Amino acid sequence: MRRPRRWWGRKSTPAKVETYTRWSFHFFGLCEVLSLGVSTFEKAGGRLAAGLTLPVVAHASVCMLVASRSLDWTRGRRAQPVRLVWTLGVLTALIAVGAIALAEHGPGGAGVDTAAGGIFGGVLCFGAGNITLGVRDRRRVIAVVAGFALGAGIVSLLLGLPGAAVLGVACLVLVGGGFLAFTSVFSVWLLNAVYELDEARETRARLAVAEERLRFGRDLHDVIGRNLAVVALKSELAVQLSRRGRPEAVEQMIEVQRIAQESQREVRDVVRGYREADLEVELAGARGVLGAAGIACEVRDGTSGLPAEVRSALGWVVREATTNVLRHGDAEKCSVVVRVSKGRVVLTVENDGAARPAGQGAGGAGAGGAGAASDGSGLAGLRERLSAVDGTLEAGHADGGVFRLTAEVPLPAARAVLEAAS
């Protein structure tokens, strides 16, 4: 059986907001049953109270169904629940009219009249608030609330209530229904905004990748394009000279060979620069990328003047850890600390978005979570890179529900001492 915490932790932030919104509307239905149905037993006991409670329970159930279907429609998962909305409107009107008829023609008593009046106003308010979920236009939302308030006033006027009482009933339904309608519309707007922000974050990440590809393509074009054009011209010239038996053709082909070798070297330089990672650049990039994703990132870099090979190895660790924080788990905070201790450079990356797999203990080597790649190839690649500089890598769950990745690389002087001692 899945634990509630694990079930909740696996959800994305928009999915959590949607679940909260959905259950909030279900809670409104529970409030309707408790405030209108259960309270009738205090005012009108026996079978009459049960008879009043059953329609309220049915109305609350339909309201919850309308809320659920309307949220699905808002997210584009099903068609607009038009028939269900009309069903709720008709049911609301029937229950309201039935409550008034009971107050007028049913058994007398102040308790019965109070219970019937409460059901009359309550179902109109809850009905108006839930019906607005099934419409999208703001004018229609206002029309629904105003229509329910006007209908309550007309019914009260036909029953012969004084003008002040009619106005009070209409205002009560207008304020109550308007508040629930505003809550419903605002909740849907907030849910859509959260999904749009999440989509914008994903779009931004894709654009960053596309921009990097374009940059790499431009670099290759700048390096290769000019040289290939020169190679083509000189090759054509060498062909013409060769056909005429001119010895200059050999010189042209030697120049073509030189340009081709130079192009190979320049391509290697471009690829090497693309594949290298610098620690300072990766730390700044991690802060910016995680911040854009809504993850609070704290970076403490207490080192300077590290050797290039150490900076490159640790830069790859920061890049891989940052990528995995974004891809796995649901982190809210992340810290990156670089320090020098006893001749070793220690890099620690911690985040609170770890989800411990079943059957694994804290700190296990195979622990997944926000700090590990989905198939483990990311950590394996990092260990290979660190091994080239005699570094080590540890990753796993730590106390406090965080995932910790620690990389240690000895400084060249410390490595020389170790090699001499061995």
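Residues numbered from 1 in each chain as written. Predicted model: local features only at pLDDT ≥ 70, side-chain atom pairs only at ≥ 80, totals over all residues. Heavy atoms only, no water.

(A) Structural view of the environment of W86. By secondary structure assignment, the location of W86 is in helix α5 (residues 82–105). Assessed through its relative accessible area of 63%, W86 is described here as exposed. Considered as a pair, W86 and I131 are 45 residues apart in the sequence and their alpha carbons are 8.4 Å apart. (Helix = DSSP H or I, 4+ residues; strand = E, 2+ residues; numbered from the N terminus. Buried < 20%, exposed > 50% of the residue type's maximum accessible area, 1.4 Å probe, protein only.)

(B) Structural view of the pattern of salt bridges. Counted by the stated rule, this structure contains 13 salt bridges. When the shortest N-O distance is used, the salt bridge between R77 and E18 registers 2.4 Å. Here R77 is found in the loop between α4 (47–74) and α5, whereas its partner E18 is found in helix α2 (residues 13–38), with 59 residues between them in sequence. Exposure remark for E18: the relative accessible area of 7% places this residue in the buried category. (Salt bridge = Lys/Arg side-chain N within 4 Å of Asp/Glu carboxyl O.)

(C) Region of interest: the nonpolar core. L314 and L347 are the most contacted members of the largest nonpolar core, which has 33 residues in total. Residue assignment for this core shows that the elements contributing at least two residues are α10 (279–292), β1 (296–301), α11 (308–327), β2 (333–341), β3 (344–351), α12 (377–387), β4 (392–398) and β5 (402–410). By residue number, the principal contributor to this core is α11, which donates 8 residues. Excluding its chain neighbours within four sequence positions, the residues that come into contact with L347 are L314, V317, V318, V336, V337, V338, L405, T406 and A407. By size, the runner-up hydrophobic cluster in this structure holds 31 residues, among which are V85, I100, L102 and A116. (Core = buried A, V, L, I, M, F, W, Y, C linked by side-chain atoms within 4.5 Å. Contact = heavy atoms within 4.5 Å.)

(D) Expanded view of the confidence of the model for the chain. Across the chain, the average pLDDT comes to 79, with 83% of residues at or above 70. Contacts from residues 356–376, a stretch scored under 50 in pLDDT, to residues over four places away or in other chains number 46 contacts. Counting interchain partners and residues more than four positions distant, the pLDDT-below-50 stretch residues 416–422 has 1 contact. (pLDDT = per-residue confidence, 0-100.)

(E) How the structure looks around the pairing of β4. Counted residue by residue, β4 has 5 buried out of 7 residues, so it is predominantly covered. Of the pairings in the sheet, the one linking β4 to β5 comprises 7 bridges and is antiparallel in character. Bridging from a neighbouring strand, E394 pairs with T406 of β5. Between β4 and β5, which follow one another and run antiparallel, lie 3 residues, and G400 among them has a positive phi close to 85°. (Pairing = 2+ DSSP bridges.)

(F) Expanded view of the packing of aromatic side chains. Scanning the model with the defined rule gives 3 aromatic pairs in all. Seen from their ring centres, F25 and F28 are 5.9 Å apart, and the 75° between their planes marks the pair as edge-to-face. Pair noted here: F25 and F28 are both in helix α2, with a separation of 3 residues, about one helical turn. Take F25: its relative accessible area is 2%, and that puts it in the buried class. Joined through ring pairs, the aromatic side chains of F182, F186 and W189 make up one cluster. Cation over ring: R319 sits above W316, and NZ or CZ is 4.5 Å from the ring centre. (Phe/Tyr/Trp six-rings, centres within 6.5 Å; stacked < 30°, edge-to-face > 60°. Lys NZ or Arg CZ within 6 Å of the ring centre and 35° of its normal.)

(G) Broad picture of α11. Compared with an ideal rise of 1.5 Å per residue, which puts 20 residues at 28 Å, α11 spans 29 Å between its outermost C-alpha atoms and is within 8% of the ideal. Those residues of α11 not exposed but buried are V310, A313, L314, G315, W316, V317, V318, E320, A321, T322, N324 and V325. (Expected span 1.5 Å × (residues − 1).)

(H) Spotlight on unusual backbone geometry. Look at D390: it is not a glycine, yet its phi comes out positive at around 60°. Considering the arrangement of structural elements, one finds D390 in the loop between α12 and β4. Residue class for D390 comes out partly exposed when judged on its relative accessible area of 41%.

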